[in-house]
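For reference, the chains in residue letters:
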Amino acid sequence: MSEEAAAPAPPTPIPRYFRNDAELARRDPHKQLLASLNRLIADYPPHRVPPGGGLYYGPISIAYLFYALHRLYPDLTLDEFPMNTWSAAYLEQAQTHIKDFPGPKPSKCGVSDDIMSVLALYAITAKDADTVKELCDFAAVTIEPEASNEWLYGRAGYLYLLRLVRGAFIDQRGTIELIEDTADEVIANIMESSRPWKWHGKAYVGAVHGAIGIITQIVLTDPTWAPNLEAELGALLSYQFDSGNFPSSLPPGRDRLVQFCHGASGVVASLLSIRQYFPNLKDRIDRVVVKGRDCIWERGLLTKEPCLCHGISGNALALEGKQFEHFLTYTTGHEIKSMGKDGMLEKSDDPSALWCGEAGRAWAWAVADLGLEKRFLGYNDI
């Protein structure tokens, strides 16, 4: 009787994170910023970045990175072109496909919407008040009863775009009043929504789809709403696991994901940017942050390709000092190649993106280089 061939063993799954047991290290952040930006324009030039994704991924997200960097590094050039020229080139790539974008709808009206993101970025670069009016007109979509409330696809993300344009028109009273009236209407609709806020039928907790993201966008847009959200934020703080992490959704399930979108990193980063508006919760927030950072330090060296949303770059921005610098050492081009060779890298679906790839890594290096507040571009930097 012939012996049957043994079935091949299934591939060993990549662990979610690797041990943080190496000595503290640091890399030159300016050198790494330049290396990251040069990889970005070489590997993902404007014409090769597929359209779509708003500020989250795609050409608009990269255009926004370069817009932000030009404000921080007005004299910096890549291939002899300043940052704002690169921003315009990536934005043009998106604009050439603008007829293909479906436009905002109640289920997609956050920072991932292309039309609203293009309008916001064009408004601030061209200082065009008519474009601001176009952006504000989309409030009609966001106040539909079935509209989502979270940051990536919902009303909270629209609030970020309104804050973005507000900063560019601070000297134009009529435009500012239009933006603030629009924001008031959107916030009122979020606050009138039934609780808990849900996305796709789940009550998410985290920054991208959940309650902390919604609270953060409301308070950063209009801090006077903070007292109305104090009880809600207090309840959210109580969801912290003994490990320091946070559940992805409610009711709490397994303690798994330590990353910005689902887990301690996004909650910690959010709390640090709104803490000042909740004086009655400051002590509780501080304890949650300390415990959350301990969790990130222990379990935050993720095997997903380093990025802001679900990678080491985002986890680094939730840390401080030498811990922040140490995490960034795992986001260099050399380290990413080494992780790939060792079979310890889950590659990104959007490797050029602000939130999923190289553009986000560049942002984290810029934060380190200039000693900026640890903020996430497109979320709580404004």
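Criteria and cut-off values
Residues numbered from 1 in each chain as written. Predicted model: local features only at pLDDT ≥ 70, side-chain atom pairs only at ≥ 80, totals over all residues. Heavy atoms only, no water. Helix = DSSP H or I, 4+ residues; strand = E, 2+ residues; numbered from the N terminus. Rg over C-alpha atoms; globule rule 2.2 N^0.38 Å. Buried < 20%, exposed > 50% of the residue type's maximum accessible area, 1.4 Å probe, protein only. Contact = heavy atoms within 4.5 Å. Areas by Shrake-Rupley, 256 points an atom, 1.4 Å probe, with all protein chains shown as cover. Lys, Arg positive; Asp, Glu negative; His and termini not counted. Charge placed at Lys NZ, Arg CZ, Asp CG, Glu CD. UniProt positions renumbered as here; feature names shortened; annotations may be inferred. Axes fitted to C-alpha atoms, helices over the stretch in contact; angles between N-to-C directions. Parallel < 35°, antiparallel > 145°, perpendicular 65-115°, else oblique. Left-handed = near helix turned anticlockwise from the far one by under 90°. Nonpolar A, V, L, I, M, F, W, Y, C, P; charged D, E, K, R; others polar. Core = buried A, V, L, I, M, F, W, Y, C linked by side-chain atoms within 4.5 Å. Patch = residues over 30% accessible without salt bridge, like charges linked within 9 Å, V, L, I, M, F, W, Y side chains within 5 Å. Salt bridge = Lys/Arg side-chain N within 4 Å of Asp/Glu carboxyl O. Expected span 1.5 Å × (residues − 1). Arc of directions from axis to C-beta. Polar contact = N/O pair within 3.5 Å; in protein donor to acceptor, adjacent residues only side chain to side chain. Phe/Tyr/Trp six-rings, centres within 6.5 Å; stacked < 30°, edge-to-face > 60°.

Participant: Describe the overall build of the chain, and please don't skip the residues or the numbers.
Facilitator: Broken down by element type, the chain carries 16 helices and four strands. In terms of overall dimensions, the chain is globule-like: its C-alpha atoms have a radius of gyration of 21 Å, near the 21 Å expected for 382 residues. Based on the C-alpha atoms only, the size of the chain along its principal axes is roughly 80 × 55 × 50 Å. Across the 382 residues in the chain, those meeting the buried criterion constitute 56%. A separation threshold of at least 6 residues defines the contact pool for the chain, and within that pool the share at least 24 residues apart is 70%. Carbon and sulfur atoms make up 49% of the accessible area of the chain, which totals about 16,900 Å². Once the 37 positive and 48 negative side-chain charges of the chain are each reduced to a mean point, those two points are 5 Å apart.

Participant: How would you explain the UniProt feature "binding site: Zn(2+)" (unreviewed entry) in the chain if you had to name every residue and give the values?
Facilitator: What UniProt calls "binding site: Zn(2+)" (unreviewed entry) maps, in this numbering, to Cys-261, Cys-309 and His-310. Considering the C-alpha atoms alone, the annotated residues occupy 50 residues of sequence yet fold into one spot, their largest mutual distance being 6.3 Å. Structurally, the position occupied by Cys-261 is in the loop between β4 (249–250) and α11 (264–274). For Cys-261, the residues in contact, after removing those within four places along its chain, are Gly-206, Ala-207, Val-208, Cys-309 and His-310. If you trace the backbone, His-310 turns up in the loop between α12 (282–299) and α13 (312–316).

Participant: Could you give an account of the packing of helix α10 (residues 226–237) against α12, naming the residues involved and the relevant values?
Facilitator: Packing of α10 against α12 brings their axes to within 11 Å, and their N-to-C directions diverge by 30°. Our classification of the angle between α10 and α12 gives roughly parallel. Seen from above, α10 lies across α12 with left-handed handedness. Across the interface between the two elements, Leu-233, Gly-234 and Leu-237 from α10 touch Arg-284, Ile-285 and Val-288 from α12. Looking at the contact of α10 with α12, its residues break down into four nonpolar, one polar and one charged.

Participant: Please provide a residue-by-residue account of the nonpolar core, values included.
Facilitator: If you look at soluble globular proteins, the nonpolar side chains tend to sit buried side by side. Counting residues in hydrophobic clusters, the biggest one holds 121 residues, and the most contacted among them are Leu-37, Leu-65, Phe-66, Phe-278 and Trp-355. Considering each element in turn, this core owes the most residues, nine residues, to helix α2 (residues 59–72). Setting aside residues no more than four positions away along its own chain, Phe-278 makes contact with Ile-215, Val-219, Ala-226, Leu-229, Glu-230, Leu-233 and Ile-285.

Participant: Tell me about the environment of Leu-271, and name the residues and values.
Facilitator: Relative to the elements of secondary structure, Leu-271 occurs in helix α11. Here the alpha-carbon distance between Leu-271 and Leu-377, two residues 106 residues apart in the chain, equals 16 Å. Setting aside its immediate chain neighbours within four residues, Leu-271 contacts Ile-212, Leu-233, Leu-237, Ile-285, Val-288 and Val-289.

Participant: If you had to explain a negative patch on the surface to someone new, which residues and values would you point to?
Facilitator: Side chains of Glu-180, Asp-181, Asp-184 and Glu-185 sit close together on the surface and give a patch of like negative charge. By the secondary structure assignment, Glu-180 is in helix α8 (residues 173–192).

Participant: So what's going on with helix α1 (residues 29–43)? Which residues, and what values?
Facilitator: One turn of the α-helix equals 3.6 residues, which is why residues spaced by three or four share an orientation. The end-to-end C-alpha distance of α1, which contains 15 residues, comes to 21 Å, matching closely the 21 Å that a straight helix rising 1.5 Å per residue would cover. Residues of α1 that are buried include every one of Pro-29, Gln-32, Leu-33, Ser-36, Leu-37, Leu-40 and Ile-41, and no others. Looking down the long axis of α1, one finds its buried residues gathered within 165° of arc, a one-sided arrangement. Where the residues of α1 are buried, they touch α2, β1 (77–78), α3 (83–95) and α16 (358–370). Where α1 begins, the side chain of Asp-28 points an oxygen toward the backbone nitrogen of His-30, at a separation of 3.0 Å.

Participant: Mind laying out the pattern of salt bridges, listing which residues take part and the relevant values?
Facilitator: If the charged atoms of two oppositely charged side chains come close together, the side chains can form a pair. For the structure on display, the rule yields 13 salt bridges. One salt bridge connects Asp-255 with Arg-299, and the closest N-O pair in it is separated by 3.1 Å. One end of the pair, Asp-255, is in the loop between β4 and α11; the other, Arg-299, is in helix α12, and 44 residues separate them in sequence. With a relative accessible area of 10%, Arg-299 lands in the buried category. Three or more residues are tied together by salt bridges with common partners; here these are Arg-39, Glu-305, Glu-358 and Arg-361.

Participant: Tell me what's going on with the side chain of Asp-114, and back it up with residues and numbers.
Facilitator: As for its position among the elements, Asp-114 is in helix α4 (residues 114–126). The charged side chain of Asp-114 is buried without a salt bridge, its nearest counter-charge being Lys-108 at 4.4 Å. Apart from residues lying up to four places away in sequence, Asp-114 is in contact with Gly-52, Gly-53, Gly-54, Ile-60, Phe-101 and Lys-108.

Participant: Which residues make up the packing of aromatic side chains, and what values go with them?
Facilitator: Summed over the entire model, instances satisfying the criterion amount to 17 aromatic pairs. Judged by centre distance (6.1 Å) and plane angle (15°), the ring pair of Tyr-64 and Tyr-67 falls under stacked. Of this pair, Tyr-64 and Tyr-67 are both found in helix α2, three residues apart, which corresponds to roughly one turn of the helix. Like Tyr-67, Tyr-64 is buried. Ring centres of Trp-297 and Phe-327 lie 5.5 Å apart, and the angle between their planes is 20°; this geometry places the pair in the stacked category. One end of the pair, Trp-297, is in helix α12; the other, Phe-327, is in helix α14 (residues 321–328), and 30 residues separate them in sequence.

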